[in-house]
Amino acid sequence: MTNNASATPNSARAAGPTNSRNKVRKAVLPAAGLGTRFLPATKAQPKEMLTVVDKPQIQYVAEECVASGIEHIIIVTGKGKNSIEDHFDSAPSLERFLEERGKKDQAEMVRKISNMVQVSYTRQKEPLGLGHAVLAARDLVGDEPFAVLLGDVLIPGPNPATKQLIKVYESTGVGAIAVEEIPKDKTNLYGIVDGEPAPQPPFGERLLRIRDLVEKPKPENAPSNLGITGRYVLPPAIFDCLARTKAGAGNEIQLTDALRILAKEQGLWAYIYEGISYDAGDKLGFLKATVEIALQNPEFGAAFRSYLKTLKL
Ligand code: G1P
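Basis of the calculations
- Residues numbered from 1 in each chain as written.
- Predicted model: local features only at pLDDT ≥ 70, side-chain atom pairs only at ≥ 80, totals over all residues.
- Heavy atoms only, no water.
- Helix = DSSP H or I, 4+ residues; strand = E, 2+ residues; numbered from the N terminus.
- Rg over C-alpha atoms; globule rule 2.2 N^0.38 Å.
- Buried < 20%, exposed > 50% of the residue type's maximum accessible area, 1.4 Å probe, protein only.
- Contact = heavy atoms within 4.5 Å.
- Areas by Shrake-Rupley, 256 points an atom, 1.4 Å probe, with all protein chains shown as cover.
- Lys, Arg positive; Asp, Glu negative; His and termini not counted.
- Charge placed at Lys NZ, Arg CZ, Asp CG, Glu CD.
- Core = buried A, V, L, I, M, F, W, Y, C linked by side-chain atoms within 4.5 Å.
- Near = heavy atom within 4 Å.
- Polar contact = N/O pair within 3.5 Å; in protein donor to acceptor, adjacent residues only side chain to side chain.
- 1 Å grid on protein atoms, 1.4 Å probe; cavity = no way out; pocket = protein on both sides within 12 Å on 5 of 7 lines; lining within 4 Å.
- Sits in = over half its atoms within 2 Å of the grid points.
- Pairing = 2+ DSSP bridges.

Here's the deal with the overall build of the chain
Move 1: A tally of regular secondary structure across the chain gives 13 helices and 13 strands.
Move 2: Against the compact-globule benchmark of 20 Å for 313 residues, the chain has a radius of gyration of 20 Å, which places it among compact chains.
Move 3: Dimensions of the chain, computed from the C-alpha atoms along their principal axes, are close to 70 × 50 × 40 Å.
Move 4: Scored against the burial criterion, the 313 residues of the chain give a buried share of 48%.
Move 5: Expressed as a percentage of contacts within the chain between residues at least 6 apart in sequence, the contacts between residues at least 24 apart total 77%.
Move 6: Counting only carbon and sulfur atoms, one obtains 53% of the accessible surface of the chain, whose full area is about 15900 Å².
Move 7: When the 39 positive and 37 negative side-chain charges of the chain are each reduced to one mean point, those points stand 1 Å apart.

Focus: the nonpolar core
Move 1: If you look at the biggest cluster of nonpolar residues, it comprises 76 residues, and the most contacted ones within it are Ile177, Leu234, Ile238 and Leu259.
Move 2: For Leu259, the residues in contact, after removing those within four places along its chain, are Ile177, Leu213, Tyr232, Leu234, Ile238 and Leu268.

Things to note about the site of the ligand
Move 1: The immediate surroundings of the ligand are formed by Leu130, Leu150, Val153, Tyr190, Gly191, Glu215, Lys216, Ile228, Gln254 and Thr256.
Move 2: Within the side chain of Glu215, a nitrogen or oxygen atom sits 2.6 Å from an oxygen atom of the ligand.
Move 3: Here Ile228 contributes a backbone N or O atom positioned 2.7 Å from an oxygen atom of the ligand.
Move 4: Relative to its unbound accessible surface of 380 Å², the ligand loses 79% to contact with the protein.
Move 5: More than half of the atoms belonging to the ligand lie within 2 Å of the grid points that define the largest pocket.

Concerning the pairing of strand S11 (residues 226-234)
Remark: a regular strand shows side chains that alternate across the two faces of the sheet.
Move 1: Of all 9 residues that make up S11, 9 are buried, and the element is covered over most of its length.
Move 2: Both strand S6 (residues 146-149) and S11 contribute to a ladder of 4 bridges, which runs antiparallel. Residue pairing in the sheet places Val148 in a bridge with Tyr232 of S11.
Move 3: In the sheet, strand S8 (residues 176-181) pairs with S11 via 5 bridges, with the strands oriented antiparallel. Counterpart to Glu181 in the pairing with S11 is Leu226.

Keep in mind these values describe shape, not function.
So this is what it looks like as structure tokens:
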């Protein structure tokens, strides 16, 4: 056995490259959280509907899904989240209104949102944690691999993080989660991975085999400075792991704790994805996302850049 092979989770070799069973077609978007970090904006509206430049955050995430080849999005909602369903629904009277006034482009833009992908909804009845929210999607996902995208993490750019993870999953048959280096004093805000390099073509040094994970450790207890970014591609076995997971950090059922079980039983990759993420659930992160995405806007990005240069900072 070569070093490389010994660093490869067992089922990676068993599952092999893409076949119809490991094609990733579905994505789960947990959107049941109360958004307390963003009060008062989230008092009466879902955090997922807060607008970054000209779109609600959840639309960026849905667009990342579509750009990654996802065909069916499952949104896990809760109380007060109806505007998310309205946003992805068709809006015939609005479309008619726009068309009658000759605003064809706007009518088309509105229509595209409801046609871009199949969307299903399920509810998390109690706020028992991210793991519990993902488990609520079990029946809708069924017995196939799926992606998880956290709605308050935005990763704009031409190479979607979810697509990168899908490539890893479809070529190895083993789950993969996106990680990035985070400041050592911020480990208590993230799931942190303990991984060993497991380079293999075409993924190179970006691939690590996960030995263990820990949710929101204090800096002195963190096994590394690689934080989980909020993008996951997982086999359906994660549901059994979630069902066996007891409440952990914050007295919630943590996805990270179920991933520990999955990593031990089936293997799990950490993938240092290419791109930049913004934690738009945090006020400063939201502002950074807004400025940087506005600067890329083809319509007014250049004018916005000129404006920023005039500010006396
Ligand atoms: C969640 C996950 C955590 C991950 C983070 C990324 O935490 O539990 O492992 O690192 O998202 O944003 P939350 O930010 O929901 O508390």
